[in-house]
Amino acid sequence: MIDSPADFETPILEMRDIVKSFPGVKALKGVSLELRSGEALGLIGENGAGKSTLIKALGGVHLPDSGDIRLAGREVSLRSPSISQSEGIAIIHQEFSLAPNLNSRENLFLGKEKTQYGFIDYRSEEEQARILFESLGMKIDLDRRCCDLTVAEQQTVEIARALASDARIIVMDEPTAALSQQEVDKLLAIIEDLKRKGIAIIYISHRLEEVLSLADRITVLRDGETVAEETNVSGVSKKQLIEWMVGRSLDEEFPKRNPTIGPVRLSVKGLSRGQAVQNANFDLRGGEVLGIAGLVGSGRTELARLLFGADKADTGSVTLDGEAVEFENPRYAIERGICLLTEDRKEQGLILVHSAVENFGLPNLKVFVRNVLLDQGKERTAFEAYVDSLKIKVSSVSQQVGNLSGGNQQKVVLAKWLQRNADILIFDEPTRGIDVGAKYEIYLLINQLVAAGKSVLLISSELSEVIGMSDRILVMREGRIQGEIENGQGTTQEAILSMALDT
Ligand SMILES: Nc1ncnc2c1ncn2[C@@H]1O[C@H](COP(=O)(O)OP(=O)(O)OP(=O)(O)O)[C@@H](O)[C@H]1O
Ligand SMILES: [Mg+2]
C-alpha cells in the first residue's frame, strides 16, 4: 500500500510512553498518542482511566515520571502551565480554573490582556468576548463575576478562553458535561471550523455520540493503558466503544423498570420566581421518575432550588402529602425528606482536602454518631457498600477527594445523598461526567429507589437519559413548563427538542 502524503507529515504532537504515578496509584503506565494538524482525536475511557492525568502532563500541570513529548518533532519539557501555553497548547480543564472574583471578560483575557498605548482596551475585549459567546450560542453578562455564573455559563467561558488564545492544539476535557444538545451542536460546529483552520483537537467526553460525530481517530484508555486505537471512526459503533472502555459489552443502556405509581406526594401550583420560573404546575407521585428536560437556562435548576428551599418563590404553593409546606431553607426540606443533588460539585461542599469517607459521613453524622462519638467503623462500612455498588475508584476510602478523578468525585456526592435515605430525590444532572458503565449502576439505583416507593425528579441535559429513565417528562422553556409527555415507546428526542425550542 502506498501511504498518502499526509502520513509522512510530522505530527504536531507526539506523547510517547508517558508514565505517571501518584502515591498508591499508577495513573499512566506508558501511554502514547499522536496528533496531526487539523485533526480531532477522541480520548475516552472509564472514570479514573487516566485521561485527565495525560492531559495535565501536556498542560504542564504534572511532570511525567518518564516518557517524552514532542511538538512538531521537537522534544519539549512542559514544566509549567505557562510554558505549555507559550508552546501553543490551550486546555479546557475538567475542573474549571476560572478566577471566581473576576468577570467573564477579565477571565477570558487573563494574562493576555488587549492593550492600547499601555492601557487595557476594554472596548475591543468586550467586542471579542461578545462575538465568542455568541458563536457558542450563549448570552453571558460580561460584568458578572464568574462565581455567580451557572455551571453551563462557566463552561462556556472556559471554552471561549481556549478559543481566544492563539493555540495550535486545543484540548477539551469534558467540555459539554453541563451543556444541553443545542449548545453542544454549536460547539461541534466550532470544532469543525477549528479543524479547517489547521488546529489540532483532543476531545475527552463520556458522551460517546459526540465523540463518534467529531473524532477522526479515537484512543481508548483503561487503567492507565491504551486498550484501543481506532482510525476508522465511521466504521465503529457506540457498542464497540463501550466494550473497549469497560472491557465487557453492555446490552442495554437503560435498565427496565415496571413502575407502580403511587399517590401524589408533592403537588406544585402556580409556583413562580421572577422570570426564572413562571407558573409551574405539576404533581410528583410515589414510585415515579419525573424527568425535566429543557435547554440550559430554561429554569430547570431554578425550579429544583425552589422546591428545596434554596430560593424563595414569589407566588405559588407546594404541598407535601397534602400539607402545605414553605421551606425557609434547605435544612427544613432535608428534614421533611427532600434532597437535592445539585449540578455544581463545588457547591455540593466536597471538601477536597478531606478523605472520601469523611466527605461521605459529613452530612450523615447523625446516623453515625453513638454516645457522642463518631462510629468510624459504621461510617466506613456504609461507605464501602457504596464504593462497591457505584464502583467508586479509590485507592482506599481514606484517599483525599481532591485526588479522585472527576467522575469519581461525583459518585462520592451521590453516595452522600443516597445515605440520607430521603423520600423525594431531586437529581440535577446526576450522571454528569460519569462513564457509561457507572451510569448504568446509577440508573439501577434510581430504579431501586422508586421501587421502594420513593419519588425522583430527574433533571438532565441528555435527552436519551430523560427518555430512557422517566415515566413522565416535563419540558421547560424560558421559565415555563411548556408541556408534559407521558413517556412511552413513541417518545422521541425530536419531539422534546421542538417543545424546548418552540419550533
Ligand atoms: N493528584 C493526584 N493524586 C493522587 N491520585 C491522583 C491524582 N490525580 C489523579 N489521581 C488518580 O489517578 C487516576 C486517574 O485519574 P484521572 O483523573 O486521570 O482519570 P480520568 O480518566 O480523567 O477520569 P474521569 O472520567 O472520572 O474524569 C485515578 O485513580 C485518580 O484517583
Ligand atoms: Mg478526568
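For every chain, the first residue of the written sequence is number 1, and numbering continues from 1 onward in sequence order. Numbering of ligands from 1 and lettering of chains from A proceed in the order in which they are written. The predicted nature of this model means local features are confined to residues of pLDDT at least 70 and side-chain atom pairs, given and counted, to a pLDDT of 80 or more, with totals for whole chains, interfaces and linings taken over all residues. Side-chain calculation: all heavy atoms of the structure are included, whereas hydrogens and water are not.

Things to note about the overall build of the protein chain
Check the secondary structure of the protein chain and you find 18 helices and 24 strands. Oriented by its inertia axes, the alpha-carbon framework of the protein chain measures out at about 70 × 55 × 50 Å. Exposure is judged per residue with a 1.4 Å probe applied to protein chains only, and the accessible area is read against the type maximum: over 50% gives exposed, under 20% gives buried, and values in between give partly exposed. In the protein chain, buried positions account for 55% of the 503 residues. The long-range fraction of contacts in the protein chain, counting pairs at least 24 apart against all pairs at least 6 apart in sequence, stands at 66%. Per-residue and other accessible areas follow the Shrake-Rupley method at a 1.4 Å probe size, with only the shown protein chains counted as cover for residues. Summed over all atoms, the accessible surface of the protein chain reaches about 22300 Å², with 48% contributed by carbon and sulfur. When charges are counted, Lys and Arg are positive and Asp and Glu negative, with His and the chain ends excluded. The atoms used to mark charge sites are NZ of Lys, CZ of Arg, CG of Asp and CD of Glu. Looking at the protein chain, you have 58 positive and 74 negative side-chain charges, and the mean spots of the two groups are 3 Å apart. Numbering of helices and strands runs from the N terminus; a helix is a DSSP stretch of H or I covering at least four residues, while a strand is a stretch of E covering at least two. Between two residues, a contact is recorded if the distance between any of their heavy atoms is within 4.5 Å.

Details of the packing of aromatic side chains
Working definition: rings of Phe, Tyr and Trp (its six-membered ring) pair if their centres are within 6.5 Å, and the pair is stacked with planes under 30 degrees apart, edge-to-face with planes over 60 apart, and tilted otherwise. Here the structure, examined in full by the defined rule, presents three aromatic pairs. Consider the rings of Phe 254 and Tyr 443, whose centres lie 5.1 Å apart with planes at 40°: the pair is tilted. Of this pair, Phe 254 sits in the loop between α9 (238-246) and β13 (264-273) while Tyr 443 sits in helix α16 (residues 436-451), placing them 189 residues apart in sequence. Among the residues examined, Phe 254 registers a relative accessible area of 16% and is labelled buried.

Digging into the environment of Val 61
In this structure, Val 61 sits in the loop between α2 (51-58) and β4 (66-71). The class for Val 61 is partly exposed, based on a relative accessible area of 41%. Once the C-alpha coordinates of Val 61 and Asp 185 are considered, the two residues, 124 residues apart in sequence, prove to be 30 Å apart. Ignoring anything within four residues of it in the chain, the contact list for Val 61 reads Lys 56, Pro 81 and His 93.

Some words on helix α6 (residues 151-164)
One fewer than the residue count of a helix, multiplied by 1.5 Å, yields its expected span. Between its first and last C-alpha atoms α6 spans 20 Å; for 14 residues at 1.5 Å apiece the expected length is 20 Å, and the two agree. Of all 14 residues in α6, 14 are buried; the element is thus mostly enclosed.

Points about the coordination of the magnesium ion (ligand 2)
Note on donors: an N, O or S atom is included if it sits within 2.8 Å of the metal, or within 3.2 Å for Na, K and Ca, and water is never included, so sites can look incomplete. Distances from the magnesium ion (ligand 2) to its protein donors, namely Ser 52 (OG) and Gln 94 (OE1), fall within the range 2.0 to 2.2 Å. With Ser 52 in helix α2 and Gln 94 in the loop between β6 (89-92) and α4 (104-108), the pair connects residues that are 42 residues apart, well separated along the chain. What makes Ser 52 buried here is its relative accessible area of 17%. Judged by its relative accessible area of 19%, Gln 94 is buried.

Thoughts on the site of ligand 1
Not every one of the 19 residues close to ligand 1 is listed here, only the nearest: Gly 48, Lys 51, Thr 53, His 206 and Ser 405. Polar contacts, as used here, are pairs of N or O atoms within 3.5 Å; protein pairs need one atom able to donate a hydrogen and one able to accept it. Residues neighboring in sequence count only if both atoms are side-chain atoms. Here an oxygen atom of ligand 1 sits 2.9 Å away from a polar atom, N or O, in the side chain of Asn 47. With respect to ligand 1, the backbone of Ala 49 contributes an N or O atom lying 3.2 Å from an oxygen atom. Its free accessible area being 650 Å², ligand 1 has 92% of it covered by the protein chains. When residues of the shell around ligand 1 are traced back to their parent elements, those giving at least two are β2 (25-35), α2 and α15 (406-418). What makes a residue near a molecule or strand is one non-hydrogen atom of that residue sitting within 4 Å of it.

Details of the sheet that holds strand β24 (residues 480-486)
With mixed pairing, six strands are arranged side by side in an open sheet as β18-β21-β22-β15-β23-β24. The outermost strands of the open sheet, each flanked by one partner alone, are β18 (338-341) and β24. Shown here is a sheet whose adjacent strand axes are inclined to one another by a mean of 20°, direction ignored. Two strands qualify as a pair provided that DSSP identifies no fewer than 2 bridges between them. In this structure, strand β15 (residues 289-294) lies alongside strand β23 (residues 472-477), joined through five bridges in parallel fashion. Residue pairing in the sheet places Gly 291 in a bridge with Ile 473 of β23. Fitted lines through C-alpha atoms give the axes, limited to the stretch in contact for helices. The angle between two N-to-C directions lies from 0 to 180 degrees. Of the strands in this sheet, β15, β21 (424-428) and β22 (455-459) are in contact with α16, which crosses β21 at around 155°.

Thoughts on the side chain of Ser 84
Structurally, Ser 84 can be placed in helix α3 (residues 81-86). Accessibility expressed as a relative area gives 2% for Ser 84, which makes it buried.

Regarding the nonpolar core
Counting residues in each nonpolar core, the largest one holds 53 residues, and the members touching the most others are Ile 44, Phe 133, Leu 163, Ile 170, Ile 201, Tyr 203 and Ile 218. A total of seven residues in this core trace back to one element, the largest contributor, which is α6. Here this core spans two domains, since at least three of its residues come from each of domain 1 (12-88 + 167-251) and domain 2 (97-165). Apart from residues lying up to four places away in sequence, Leu 163 is in contact with Leu 132, Leu 136, Ile 170, Ile 190 and Leu 194. Counting 39 residues, the second largest nonpolar core, distinct from the first, contains Leu 350, Phe 360, Tyr 443 and Leu 445. Nonpolar cores are built from buried Ala, Val, Leu, Ile, Met, Phe, Trp, Tyr and Cys residues. Side-chain atoms within 4.5 Å join them into one set. Residue ranges assigned to the domains are those given by an automatic or database domain assignment.

Observations regarding the domain arrangement of the protein chain
Looking at the assigned domains, one finds that the protein chain contains domain 1 (12-88 + 167-251), domain 2 (97-165), domain 3 (252-337 + 423-433 + 452-503) and domain 4 (346-421). With 13 residues of domain 1 in contact, the opposing surface of domain 2 contributes twelve residues. When domain 1 packs against domain 2, close to 960 Å² is buried across both sides, 69% of that on carbon and sulfur atoms. Just to be clear on terms, a salt bridge is a Lys or Arg side-chain nitrogen sitting within 4 Å of an Asp or Glu carboxyl oxygen. The interface formed by domain 1 and domain 2 holds zero salt bridges in total. Linking domain 1 with domain 2 are three residue pairs in polar contact (both at pLDDT 80 or more). We define buried area as the total accessible area lost by two parts upon association, computed with a 1.4 Å probe and summed across both.

Section: the side chain of Glu 210
Tracing the chain through its elements places Glu 210 in helix α8 (residues 208-214). Residue Glu 210 is classed as buried on the basis of its relative accessible area of 7%. A polar atom in the side chain of Glu 210 sits 3.5 Å from the side chain of Ser 205. Excluding anything up to four places from it in sequence, Glu 210 contacts Thr 176, Val 184, Tyr 203 and Ser 205.

Some words on a nonpolar patch on the surface
Judged by side-chain polarity, Ile 351, Val 353, Leu 362, Leu 365, Val 369 and Leu 374 come together as a nonpolar surface patch covering roughly 460 Å² of accessible area. Locating Leu 362 in the fold gives a position in the loop between α12 (356-361) and α13 (365-368). Any residue with relative accessible area above 30% and no salt bridge may belong to a patch, with like charges joined within 9 Å and the nonpolar Val, Leu, Ile, Met, Phe, Trp and Tyr side chains within 5 Å.

Overview of the pairing of β24
One ladder, built from six bridges, connects β23 with β24; its direction is antiparallel. From the neighbouring strand, Arg 477 faces β24, where its bridge partner is Arg 480.

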